[in-house]
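Chains, contacts and geometry: an overview
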Amino acid sequence: MRDIDYKDKGGVLNPLKNLSFFGRKAVTVPLEPRPASANYRGFHLNDWETCIGCSTCQKVCDNAAITMVRIPDLPEDPVQGIRNLRPAIDYGRCCWCALCVDLCPTGSISLSREYVHTCLDSELDSYFVLPDAKGIHGTPYPKGWAKSEDADLVALERERMEELEPAERIGHFQEIVAGYDSNQAIIEASRCVQCGMCFDACPTHMNAPEYIRAIWKGDPEQAVREIYRTNPFAHTCGRVCTHRCEDACSVGHRGTPIAIRWLKRYAMDAVDHERVKAIAAEGKARFLSGKRVAVVGAGPAGLTAAFDLVKQGHEVTVLEAQAKAGGMVRYGIPDYRMPPDRIDRDVDVITSLGVKIQYQTRVGKDVTMAELERDYDAVILTIGLWMGRSTRIPGSDSPRVKRAVTLLRDVADQVKVSIPASVVVIGGGNVAMDVARTVARLQKQTFGAVKVTVTALEDLEHFLADPQEIKEAREEGIEILDARGPQEILFKPRKYEVDKVHGLRTWRVLSIFDDQGRFAPRYDEADEQIHEGEMVIEAIGQAAEVDLLGEDLTERLEWMRGRLKVDGQGRTNLPWLWAAGDMVRGPDVVSAVADGHRVAASINTYLSIQEDAA
Amino acid sequence: MIEGAVSSYEKIKAKTSLRDILDVACSFEASARDFYTDLIPKVGKNVRWVVEELAAEEQEHLDLLSGLAGREDIAEQIKAEVRTPATDSRFSDCVHLPDLGPSPDDQAVLQYAMGREQIAMEHYRSLAESTAPGPIHDLFSFLAGEETKHKTELEKVYYEVVHSGGV
Amino acid sequence: MRPENYEAQRQPPSHEYELNIGPNHPGIEGNYAFKLRLHGDTVLEGKADAGYLHRGFEKLMEGRLWIQNLAITPRICVPDPVPMEVSYVLAVEELCGLEVPERAQWLRVLQLELSRIAAHLFTFGGHAATTGMYSTMFWGMADRDLVLDLFEELTGGRVYHIYNIPGGVRRDIPDGFLDRVKRTLDYLESRLPDYDNLLFTNQVFVQRAKGVGTMSREQALEWGVTGPNLRATGLKFDVRRDDPYLVYEDLEFEIPSEEAGDAWARTLVRRKELVESIRIARQVVAALPKIRGTIRCPIPNPLAWSVPAGSAYTRVESSKGELAWYVVSNGGERPYRTHVRGPSQMHAVQVLEKLSVGARLEDIAQTMFSLDACPPEVDR
């Protein structure tokens, strides 16, 4: 370090040193505005196309400077996870910290490289700005502080869940995914930005942000409480829900959505079953209304309605044709996705509240609808979609051509099903995948090898099955052929009493949908294939078995394009009859649960009015 | 009714003026409408909508064709003599016509109706293909186009009904 | 507006009078007042009068998420904002047990030393101005702006950087940034002879500053004096050396000190520290390209980040002395209590009050600047 010689008084000529300044260039600063540095945190820019209105920026704003403003012209779609809200900034409050940028799930917000905004007194409200991509003054200053990998505060990667490898899972029906342990669950839950897009998208509007937060705080009991506020099929939905929440999740726009379904599953598995029952019973009415409600079908819709109605003090009897409750969840979904003991738990919670289920009671045979109308104050029809549709191509009436729903039910019921060494499945939805993977397991057990061919009309892009299902099916050795139109079942030369199936003949589908996205298949007849298989399983669609209504009731009821006509509350045109679930909404567990709540609320209102009138 | 369709095809082949062709086409639609109308009370109420829609649809076709026949501006052309070519009808085997029993279900009715539209479409198309460009060719093409549209509509309904959700 | 029961008190004749310096006065850094009782131009008593800038930050922080408080911290002491940021995040990191990546630690050191340079340039200017030498003030401010340009590039903000985040820093350096740092450091170093000519060897200044506001080492320790003010009494105490944080252990630098304990000695210590800070910054510039890796360890989602219960006291050496946050968490999503241990609170209140007794009126402003007290930090 050079010591500073302050003692040096200098000489007489010392001041002349400063003459050197005459030779130096003056320091000047240009007056023109210049863009700030590449990272500058200036005024907000917001790309409205990318912004989904999730309001995370508003939530993290330290100064409450952000107000979400509804823009009626913008699209709003809860299913896609898009709100027509956009952030408006009050620059009287903003401190330009850019946390809004760093926590923005989509990356739509950035800050510009513009320094200055001034205004006259009369324009003071110009400090309240609804930014778009053009910036505060409409002059296109470039982006400054924007989303970067370094500064991104959104955790984009999902916590991995352990699952069985294809080779380990194919020989049996054990559940494939392991579930999160508490540590994994907390890490996964902590990725949530609590925007509530999931709540909007969920058919039954589960309080997902709340239960995720409870899990995050290490309180699974509270999570269970939040879950039971809207969904008594908690174990079921924790495993096989169609998770629209995850499709709408704002984190999913750039990363993997929060594993909301697995988190629900974690909470349900983490809390002791007896404790779950106690939590589910919270808020149960301490009186009996004296009203009796009959529910036809113990599936998700019927039991959800029963759960609600029992909690409201009504007496509920569920009539179930099968030996066990759960409906399609039990009889349609294979055990490796939905272990039966978890359905037992869901059902046990519901029955523990006082719901009575009469098993092996088939309405239409053991008891008629007319009797139900006579004996109960209200009747709910939740009979699902149990009739498998057939392609009705030539040969499809053979006994070796099966319907997927029938086969899955037999497997679930542990009826002996003889599966040949090679099978062809027609269909490209989740049921097709379920039946193909079930057959593959049975084949593996019997023959030690898998030979299943799935043929679907749709091309892979338009498959109705979950991509995950398709991937896993392929991993298990199932051949999936897309865009194949079934033409005919082929038989072996007749040697036996019964015709032996040889396989399925298909044509290539050139295009399945027209330009409006509706079904209009075109075939390439030259591309013909024969898929060999000793059994053909049709998994193309399902319908409700409405015969139980009887001719008279069928005539009295109003119908809507083949489905029972119901209003927004699930009411049919008859005052005592409601309908819910797959039979009116189409197949989906969580929609059925939502529907169950809807009819229960409607019935409760109806019964209360009756009460008042009496 | 399939037989009816084939015979009307035979009739069309034999006819010599556009008016006659339109007349046969009209009667073809009318008979279809009557068939569906008769079927309405025979099916369950839950599938009745399919048959009702089909009957209404056929009535619309009929109205369209009769309107065409009655139009002044093409009256001259309609009267013109034409020679209809002989064509072989090609029946697509991807459409399988089931026997409609006494009380068919929605799928059976739809498959039947699709088959019917398919036949009509094929017939008009082969008639159009084998006529030289001109008003008759245009009329056949138009009729074939109409039947194609009907069939496409039916296929959409079929997919929505039978492949319901498809899951 | 006089209360009804007011009666003018008769005072014996006196030569004493009162004088308020501030809250609006060029000799006071920021909104701060100093009440003097004088006899002639000799100060009999000085009374600090703070509160004009009280923003209630400590209380405010109790109501905000851990991460939201980042935006508040640099606002406590505007001329030298970085130590505030760094010491707050160090406290949170200590409570959470976060391992800060090495690269982030080096970046923090670079930011801290650049901030020290900027703060010292600011203070020289102010000190010079209180002795009537305004050129130094203009130069100091202009050269400080060159450092602010670097901050703008690195952090996105010129003064309120909000660059540190528990777990690391928010951005890596932009392309070519180190070259520009090097160039600015070279330029600042080349300016030092000019500053020396203008101020530090300028007899006008030397004569004015020597012997003003003198305190002994014992007094300094008793009064809680830290930083350059303490080192000007001959005690070489520096948190960077005596309680090292970040990567200061790996860096070579001297702790300058002086013996006189007066305004002159304090300013001279700062002048020497400027050289040391340039030296440290150069070491960082040389080392950074070799230190790869991330700039932030994974941190929880800030929206509901619960910091484990406990308390942390993390001190750093700011340009003005020892600066620390005392942070208490009860395991919640927001701090239970935060407290700033700022050097200016001692320097601007008790030290200044004591040093002003017997001083001459014209030296009061100089004394305050030579203590480098920052009123916004007193009030916070």
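Residues numbered from 1 in each chain as written. Chains lettered and ligands numbered in written order. Predicted model: local features only at pLDDT ≥ 70, side-chain atom pairs only at ≥ 80, totals over all residues.

Turning our eyes to something else, we now look at the environment of Glu226(A). Residue and element names in this part refer to chain A. Counting through the fold element by element, Glu226 comes out in helix H7 (residues 220-228). What makes Glu226 buried here is the crowd of 24 C-beta atoms within 10 Å. Sequence separation between Glu226 and Ala456 is 230 residues; the distance between their C-alpha atoms is 40 Å. (Helix = DSSP H or I, 4+ residues; strand = E, 2+ residues; numbered from the N terminus. Buried ≥ 20, exposed ≤ 12 C-beta atoms within 10 Å, placed from the backbone.)

All right, on to the interface of chain A and chain C then. Every contact between the two is made by 37 residues of chain A and, on the other side, 33 residues of chain C. Breaking the side of chain A that touches chain C down by element, the ones donating at least two residues are helix H1 (56-60), helix H2 (99-103) and helix H6 (208-216) of chain A. When the residues that make up the side of chain A that touches chain C are grouped by side-chain class, the tally is 21 nonpolar, six polar and 10 charged. (Contact = placed C-beta atoms within 7 Å. Nonpolar A, V, L, I, M, F, W, Y, C, P; charged D, E, K, R; others polar.)

Our next topic: helix H10 (residues 260-270) of chain A. In terms of residue burial, H10(A) counts as a mostly covered element, since nine of its 11 residues are buried. Buried residues belonging to H10(A) abut helix H4 (182-189), helix H5 (197-201), H6, H7, helix H8 (234-240) and helix H9 (244-248) of chain A.

Moving on, we get to the sheet that holds strand E8 (residues 356-358) of chain A. All names here are of chain A. Strand order in the open sheet formed by five strands is E8-E7-E6-E9-E22, with parallel pairing between adjacent strands. The open sheet is flanked by E8 and strand E22 (577-579), the only strands paired with a single partner. Taken pair by pair, the neighbouring strands of this sheet meet at an average axis angle of 20°, ignoring direction. Where strand E6 (residues 292-296) lies against strand E9 (residues 378-381), four bridges are found, and the strand directions are parallel. The residue of E9 that forms the bridge with Val296 is Leu381. Sheet strands touched by helix H12 (residues 300-311): E6, strand E7 (315-319) and E9. Its angle to E7, the strand with the most contacts, is close to 165°. (Pairing = 2+ DSSP bridges. Axes fitted to C-alpha atoms, helices over the stretch in contact; angles between N-to-C directions.)

With that settled, the discussion passes to the arrangement of the chains. Contact analysis covers two pairs of chains in contact, and the most contacts occur between chains A and C. The two units chain B and chain C are non-contacting; their minimal C-alpha-C-alpha distance is 37 Å.

Attention now moves to unusual backbone geometry. Of note in this structure, Ser55(A) is not a glycine but carries a positive phi near 75°. Looking at the secondary structure, you find Ser55(A) in the loop between strand E1 (44-46) and H1.

Let's shift gears to the confidence of the model for chain B. Residue and element names in this part refer to chain B. Mean pLDDT over chain B stands at 71; residues scoring 70 or higher make up 68%. Here residues 1-5 scores under 50 on pLDDT; set against residues more than four positions off or in separate chains, the count is 10 contacts. Residue range residues 83-96 is modelled with pLDDT below 50. Its contacts to residues more than four positions away, or to other chains, number 30 contacts. (pLDDT = per-residue confidence, 0-100.)

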